[in-house]
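Next come the chains, spelled out residue by residue.
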Amino acid sequence: MKNLGRSAIVIAVALVAMAAIVAAQAVGQVNGISGPAKLNPKANISAAGFPPPYWAYPVNLPDYAAPPDKGEKMRVPNSNVTYTLTQIRDFFSPPDWHPGDHPAMPSIVGQGRKPQVWACGYCHLPVGWGKPENANVAGLPEAYFMQQVADFKNGSRRGTVPDILPHSGMVAAIMPTTDAEVKQAYDYFAKTKLTQQRYTVTESATVPKTRVQGSWVLAPIHGDGEGMEPIGQRIIEVPNDPVLTTLRDWRIGFTTYVPPGSIKKGEALVTTGGNGKTVQCTICHGNDLRGIGPVPPIAGRSAISTFRQLYDFKDGARHGAWSQMMQPVVKNLTLDDMIAIVAYTSSKLP
Ligand code: HEC
Ligand code: HEC
């Protein structure tokens, strides 16, 4: 009886410890790396089979404060333009460091509409290529672009961790838009197609220690806490120059560290379906993964941005009009499978 009581206590303690670990992973406080994240009550974490990893849903640390504007004129390489930090943070006038990289922006992209419609070009950048915390919107099929906007508006496309600013800002910005404004944005982003590899996918057993450094982006720690650590079951995607990325210079690429063996494993799943584990992505997204008809391209995107979509489909937070087609695809995918798949899709030319 005594022993039974003791083992019950041991089990109870172990369960509490496990729950704490799972919860910590879900809210992203492993090693104090990321900030607290709230889960979408509509998302079914049990259906997903594992909690949303903090590295795919990075949240600014609670003590994060943006550096103050001291009036300094900021610059980026190969640009004659200068902006103050206040100008760079203006949601209604995103910094346009390289005007020669894109056609003239319609007002919805370059200025948005006050008070609520932040300029699309702020988060998605004037070229529409986006960043890991949002999405590429350049060169998407028209029907897909319009359907996503409709899904955001009717609430059927939400993030698993919905109250992180990039996502809640997207929803807030898109809600009041008119069909004409959305069409203008589409027509513009149709002309700025992403043609270069922005993400260098690198298999590596060790990665730099990182923390969220503003802008919902993980970046290597410099100074106190700097060093290397095992990658584990993670993808660590970092800007090649975090300072310039924070200044919103879209010419800066990213390095995507993935566990050794991921790319080959991902290729097998993507191109063969892995003996029924999933459905060959190439059937619908094309052999080059650049999309077919209204089915969107998925090659050369941010790995963590792509990972979030697979996760959001699986736990049901993303359940738009066309999402049903992705259900059999994600149903049996594990964390490792998703890591492998997005390592491969991200490594392909967009
Ligand atoms: C506050 C930042 C922000 C602003 C402003 C913003 N977006 Fe987004 N957008 C996002 C994020 C974040 C996502 C990805 C959401 C997700 O993962 O579900 C996204 C996704 C999208 C997608 C879906 C892309 C895909 O591949 O499925 C479209 C289309 C889109 N945005 C269009 C727009 C348009 C048009 C505007 C301007 C009216 C706009 N966005 C303004 C942050 C923003
Ligand atoms: C039966 C056709 C089909 C198959 C097979 C398929 N997809 Fe999809 N996929 C779609 C459709 C349709 C959408 C748009 C879903 C929506 O609008 O919610 C989509 C959307 C996506 C998106 C979201 C894109 C974005 O920009 O947000 C990702 C990522 C994706 N699929 C990855 C995959 C991967 C990886 C595989 C293979 C493991 C795969 N898909 C297999 C049809 C398919």
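Just above, that's the structure.
Residues numbered from 1 in each chain as written. Chains lettered and ligands numbered in written order. Predicted model: local features only at pLDDT ≥ 70, side-chain atom pairs only at ≥ 80, totals over all residues.

### Examining the overall build of the protein
Across its full length, the protein carries 14 helices and seven strands. The proportion of buried residues among the 350 residues of the protein is 42%. Once local pairs closer than 6 in sequence are excluded, the contacts in the protein between residues at least 24 apart make up 67%. (Helix = DSSP H or I, 4+ residues; strand = E, 2+ residues; numbered from the N terminus. Buried ≥ 20, exposed ≤ 12 C-beta atoms within 10 Å, placed from the backbone. Contact = placed C-beta atoms within 7 Å.)

### Observations concerning the nonpolar core
Judged by nonpolar contacts, the single largest core of 45 residues is most densely connected at I235, F307 and A343. Of all the secondary-structure elements, those providing two or more residues to this core are β1 (199-203), β4 (218-220), β6 (236-239), β7 (254-258), α10 (262-272), α12 (303-315), α13 (327-330) and α14 (335-347). If you tally residues by element for this core, the top one is α14, at seven residues. Among the nonpolar cores identified, the runner-up in size contains 26 residues, and V109, V117, W129 and A135 belong to it. (Core = buried A, V, L, I, M, F, W, Y, C linked by C-beta atoms within 7 Å.)

### Concerning unusual backbone geometry
With omega at 5°, the peptide bond leading from K114 into P115 counts as cis. The topology assignment puts P115 in the loop between α4 (107-110) and α5 (120-123). If you check the backbone angles, L125 has positive phi at about 70° while not being a glycine. As for its position among the elements, L125 is in the loop between α5 and α6 (142-154). In this model, S215 sits at a positive phi of 55°, which is unusual for a non-glycine residue. In this fold, S215 is placed in the loop between β3 (210-212) and β4.

### Structural notes on the site of ligand 1
Taken together, 27 residues are adjacent to ligand 1, and C120, C123, N134, G169 and M170 come closest. Of all elements in the fold, only α5, α6, α7 (165-174) and α8 (179-189) reach the threshold of two or more residues within the shell around ligand 1. By residue number, the principal contributor to the shell around ligand 1 is α7, which donates six residues. Here the shell around ligand 1 is built from residues that sort into 18 nonpolar, seven polar and two charged. (Near = placed C-beta within 6 Å. Nonpolar A, V, L, I, M, F, W, Y, C, P; charged D, E, K, R; others polar.)

### Observations concerning the site of ligand 2
V279, C281, C284, W322 and S323 are the nearest of the 25 residues found near ligand 2. Among the elements that make up the shell around ligand 2, the one with the highest residue count is helix α11 (residues 281-285) (four residues). Of the residues in the shell around ligand 2, the class split is 16 nonpolar, eight polar and one charged.

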